[in-house]
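# A look at the structure
Here's the letter readout for the chains.
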Amino acid sequence: MSPADAKTVEARCVRLNARAENAAALAPVVEPQTLMRGPNDLLIEVKAAAVNRSDVKAATGLMPYAVFPRTPGRDYAGVVIDGPAGTIGREVFGSSGDLGIRRDGTHATHLVVEADAVMEKPKTLSWEEAAGIGVPFVTAMEGFRRAGVPKSGDTVLVFGVNGKVGQAAVQIATWQGARVIGVVRKAEAYEGHTNAPIEVIDASTSDIATRVRDLTGGKGTDIVFNTVGDPYFQAAHKSLALRGRQILIAAIDRIVQFNILEFYRGQHTYVGIDTLGLSSSATGAVLRDLGAGFASGHLKPFPIKANAVYPLERAKDAYVAVAGSSRDRVILRP
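The rules behind the values
- Residues numbered from 1 in each chain as written.
- Predicted model: local features only at pLDDT ≥ 70, side-chain atom pairs only at ≥ 80, totals over all residues.
- Heavy atoms only, no water.
- Phe/Tyr/Trp six-rings, centres within 6.5 Å; stacked < 30°, edge-to-face > 60°.
- Helix = DSSP H or I, 4+ residues; strand = E, 2+ residues; numbered from the N terminus.
- Lys NZ or Arg CZ within 6 Å of the ring centre and 35° of its normal.
- Salt bridge = Lys/Arg side-chain N within 4 Å of Asp/Glu carboxyl O.
- Buried < 20%, exposed > 50% of the residue type's maximum accessible area, 1.4 Å probe, protein only.
- Pairing = 2+ DSSP bridges.
- Axes fitted to C-alpha atoms, helices over the stretch in contact; angles between N-to-C directions.
- Contact = heavy atoms within 4.5 Å.
- Right-handed = clockwise from strand over helix to strand, strands pointing away.

Taken as a whole, this structure holds nine aromatic pairs when the rule is applied. Between Phe233 and Phe258, the aromatic rings sit 5.9 Å apart at their centres with planes inclined by 70 degrees, giving edge-to-face as the arrangement. In this pair, Phe233 is assigned in helix α6 (residues 233–239) and Phe258 in the loop between β12 (240–248) and α7 (260–265), connecting sequence segments 25 residues apart. Three or more aromatic residues link up through ring pairs in this structure, and these residues are Phe233, Phe258, Phe263 and Tyr270. Stacked on the ring of Phe68, the Lys or Arg Arg70 has its end atom at 4.6 Å from the ring centre. Note that Lys121 overlies the ring of Trp127, its terminal NZ or CZ placed 4.9 Å from the centroid.

A word on the pattern of salt bridges. What the rule picks out here adds up to 22 salt bridges. Among the salt bridges present, the one from Arg333 reaches Glu128, with a minimum N-O distance of 2.9 Å. Residue Arg333 is located in the segment after β15 (331–332), and its partner Glu128 is located in helix α2 (residues 127–131); the two are separated by 205 residues in the primary sequence. Classification of Glu128 as buried rests on a relative accessible area of 13%.

Read from one edge to the other, the open sheet built from six strands follows the order β10-β9-β8-β11-β12-β13, with strand pairing classed as parallel. With partners counted over all chains shown, the strands left at the sheet margins are β10 (199–202) and β13 (269–272), one partner each. Going from strand to strand, the sheet's axes swing by 20 degrees on average, the running direction of each strand aside. Its contacts with the sheet place helix α3 (residues 134–147) against β8 (155–159), β11 (221–226), β12 and β13, and it is angled at close to 145 degrees to β11. The sheet contacts of helix α5 (residues 208–215) involve β8, β9 (179–184), β10, β11 and β12, and relative to β10 the element is tilted by about 155 degrees.

Tracing the backbone shows Gly100 in the loop between β5 (91–94) and β6 (110–114). Along the backbone, Gly100 and Glu128 are 28 residues apart, and their C-alpha atoms lie at a distance of 18 Å. Apart from the residues within four sequence positions on either side, Gly100 is in contact with Arg70, Thr71, Pro72, Gly73 and Gly105.

We now examine the pairing of β11. Across a regular strand the side chains alternate sides, sitting on one face of the sheet and then on the other. Counting buried positions along β11 yields six of six residues, so the element is predominantly enclosed. Where β8 lies against β11, four bridges are found, and the strand directions are parallel. Considered in β11, the bridge of Val158 is made with Phe225. The pairing of β11 with β12 spans five bridges and is parallel. If you follow Asn226 over to β12, its bridge partner there is Leu248. For the handedness criterion, the β-α-β arrangement of β11, α6 and β12 is classed as right-handed.

Quick look at the structure:
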């Protein structure tokens, strides 16, 4: 393909021109940018794009490799308007570890991304629902891919079960036939979709490891998906079965202590997941592992509330909402 053959588009893009001290100090602007695809790329008209905590963290200097100026955004759904033969008109969605962080991302009217980065959007999903799948489901699935996808007979313990990654982990584990136990910080029920009933432990009233042993006949849990990090590290460690695996995706304090003797005698495995290290193409491969689940209805997108959908011009409001205590899946709609 020669440059003369490629379609160029004048996109409207949210731009962050410099790092901010905090979310309240962010000063995004909407500016025109000319986009053109490469030979193996797709040019996508973005219909919806999610806002993730990592978008805000990168904008506030917590990711030193984030470049400025840039367009933020990792998750998207849209229509291919230019690309290799047979791709134009496809309705797709996707995510990435580098989009919006190390290169221009999805908070725009248009996006250029590799052809193997996308997945077909199920007809049953709205644009907003498809855009909201990305980071949480990729994080959960990549954790299970690395630790071993749970199977029937396995028990999976999920800390932070009502967070978006926690809910995605529950959906995937119960889709695969595993038993799931969730942990919440205070008394509340599980909020998300599940393919089987799950037990919930209230960490404010129960010793987690003791309760897990009670629920598993003393065995412990085969996989711990720790979406919170160090506050639950010790409880997770004490809850593991022989040859159990703990998946870690977050930290508040970086340093933890653990009993090395218990670790090697328990034949445990710790798996660290950083989806920011996944390229768009690698992320597409993870999403394709989830395709059958969304097609069959075993996996469901997060509900999108009307008041959590913002135009590009209100990007700052969306970023502030995500940085705050909102549990909503926040979406930008160009």
